[in-house]
Each structure stands twice: as structure tokens, then as C-alpha cells.
Amino acid sequence: MWHVSVRNHPDDTALFDEQWAQVAAEYPLDRARVGDRSLYGADVDLSGPPADWTAHLSVVREAAVPLPEFLTALLVEVAERPNGTAADAPLAALRAAAMLERIATRVGREAAGALCDDGLSAEAVATGLGTSYSKALVMLLTAQNR
């Protein structure tokens, strides 16, 4: 067997040794088959982990609170428009990004503050946002200092 270094996504909770052992058992690599070649060069089937990740993201999205349609449309428009602006007017695109960042910070703190006032747990916030417990906790703790 050949062991490779694997790191989880920064937004995921840390895995314990026994959980990493399960991952290694689920996706074993034969060192004799791989040798000194890259995994792609050794023609190793790498479809399992990305498929599992995609399935995990689907579960997370399903559990997250849905956005109202008008807000989804607005966010899609905001996300698409600056791409052209960044190429044509990068300073204007950077200014717009800074403005959006300030808006997001203000609205996020207000919303997190309301959730704190309602006594919603960090675990419930994490599930509703589709993020990690630690990120949700930071949001709630930051909101307490508003």
C-alpha cells in the first residue's frame, strides 16, 4: 500500500485518525502499481473522492436554508457582471468588490446578531448556512460585539 498526504477542505471539520483510516481503506492505492509515476500517469481511478465530495455538497445544499428567488437572481447578476468590469475597468471592479464586502459584513453582523438574540445554536446556523460549526460560531461571536 502507498499512503499519500490528504488534507481536508478548510471549511470542513478536522478528521480524526480513525476517520482518515476509513478514507484510506475506502480508496486504497497500490504502490507497486503506481511506482514513481503520478496518480494520473499510473492510470489510477480517481473518480471516487470527487464523486463523494459532490454528493456531500448536495446534502449540504439541501440542508441549507433556501434563498428567496429575487435574492438568488440578484446575487447571480452581481456575480456575473464584475467579470467583464474586471477586465475593462479593474479599479472600478475593485471598488465594487470593496463596497460589496462592506455590505456583506454589515448585513452578516446584523443577521448573526438577530440569530444570537433568538438563541439559535452555532450548530443550527452551520447547517442552515451549509458551513462548518467553527465558521458559524465565529459569526455568532463576532455579532455579539456589534
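Cut-offs and rules
- Residues numbered from 1 in each chain as written.
- Predicted model: local features only at pLDDT ≥ 70, side-chain atom pairs only at ≥ 80, totals over all residues.
- Heavy atoms only, no water.
- Helix = DSSP H or I, 4+ residues; strand = E, 2+ residues; numbered from the N terminus.
- Buried < 20%, exposed > 50% of the residue type's maximum accessible area, 1.4 Å probe, protein only.
- Salt bridge = Lys/Arg side-chain N within 4 Å of Asp/Glu carboxyl O.
- Axes fitted to C-alpha atoms, helices over the stretch in contact; angles between N-to-C directions.
- Parallel < 35°, antiparallel > 145°, perpendicular 65-115°, else oblique.
- Left-handed = near helix turned anticlockwise from the far one by under 90°.
- Contact = heavy atoms within 4.5 Å.
- Nonpolar A, V, L, I, M, F, W, Y, C, P; charged D, E, K, R; others polar.
- Core = buried A, V, L, I, M, F, W, Y, C linked by side-chain atoms within 4.5 Å.
- pLDDT = per-residue confidence, 0-100.
- Expected span 1.5 Å × (residues − 1).
- Arc of directions from axis to C-beta.

## What to know about the overall build of the protein chain
Of regular secondary structure, the protein chain possesses seven helices and zero strands. For the protein chain, the succession of helices and strands along the chain, N to C, is α-α-α-α-α-α-α. With 146 residues in all, the protein chain has 11% of them scored as buried.

## Regarding the pattern of salt bridges
In the structure shown here, the tally under the stated rule is one salt bridge. Between Arg106 and Glu110 there is a salt bridge; the shortest N-O distance is 3.6 Å. Taken together, the residues span about one helical turn, with Arg106 and Glu110 both in helix α5 (residues 90–117) at a distance of four residues. Residue Arg106 is classed as partly exposed on the basis of its relative accessible area, which comes to 48%.

## Topic: the packing of helix α6 (residues 122–129) against helix α7 (residues 133–144)
Interhelical geometry of α6 versus α7 gives an angle of 110° and a closest axis separation of 8 Å. What the angle tells us is that α6 and α7 run roughly perpendicular. Considering the relative orientation of α6 and α7, their crossing is right-handed. Along its contact with α6, which presents Ala122, Glu123, Val125, Ala126 and Leu129, the element α7 presents Tyr133, Ala136, Leu137, Met139 and Leu140. For the contact of α6 with α7, the per-class residue count stands at nine nonpolar, no polar and one charged.

## Observations regarding the nonpolar core
One broad trend across soluble globular proteins is that nonpolar side chains are buried collectively. Counting seven residues, the largest nonpolar core consists of Ala112, Ala122, Val125, Ala126, Ala136, Leu140 and Ala143. Listed by contribution, the elements that provide at least two residues to this core are α6 and α7. In this structure, Ala112 is in contact with Met139, Leu140 and Ala143, ignoring residues within four places of it in sequence.

## Some remarks on the packing of α5 against α7
At their nearest, the axes of α5 and α7 sit 8 Å apart, and the two run at 90° to each other. Between α5 and α7, the angle falls in the class roughly perpendicular. Of α7, the residues touching α5 (which contributes Arg109, Ala112, Gly113, Leu115 and Cys116) are Met139, Leu140, Thr142, Ala143 and Gln144. Considering only residue class, the contact of α5 with α7 consists of six nonpolar, three polar and one charged.

## Some thoughts on the environment of Leu46
For Leu46, the location among the structural elements is in the loop between α2 (31–34) and α3 (48–63). The class for Leu46 is partly exposed, based on a relative accessible area of 25%. When sequence neighbours within four positions are dropped, the list of residues in contact with Leu46 reads Leu39 and Tyr40.

## Points about the confidence of the model for the protein chain
This prediction gives the protein chain a mean pLDDT of 82; 87% of its residues lie at or above 70. For the protein chain, per-element mean pLDDT is lowest for helix α1 (residues 17–26), which scores 77, and highest for α6, which scores 92.

## Focus: α7
Across its twelve residues, α7 extends 17 Å between first and last C-alpha, which sits within 8% of the 16 Å expected from 1.5 Å per residue. Of all the residues in α7, the buried ones are Ala136, Leu140 and Ala143. Along α7, the residues classed as buried sweep out an arc of 60° about the axis, all on the same side. Contact partners of the buried residues in α7: α5 and α6.

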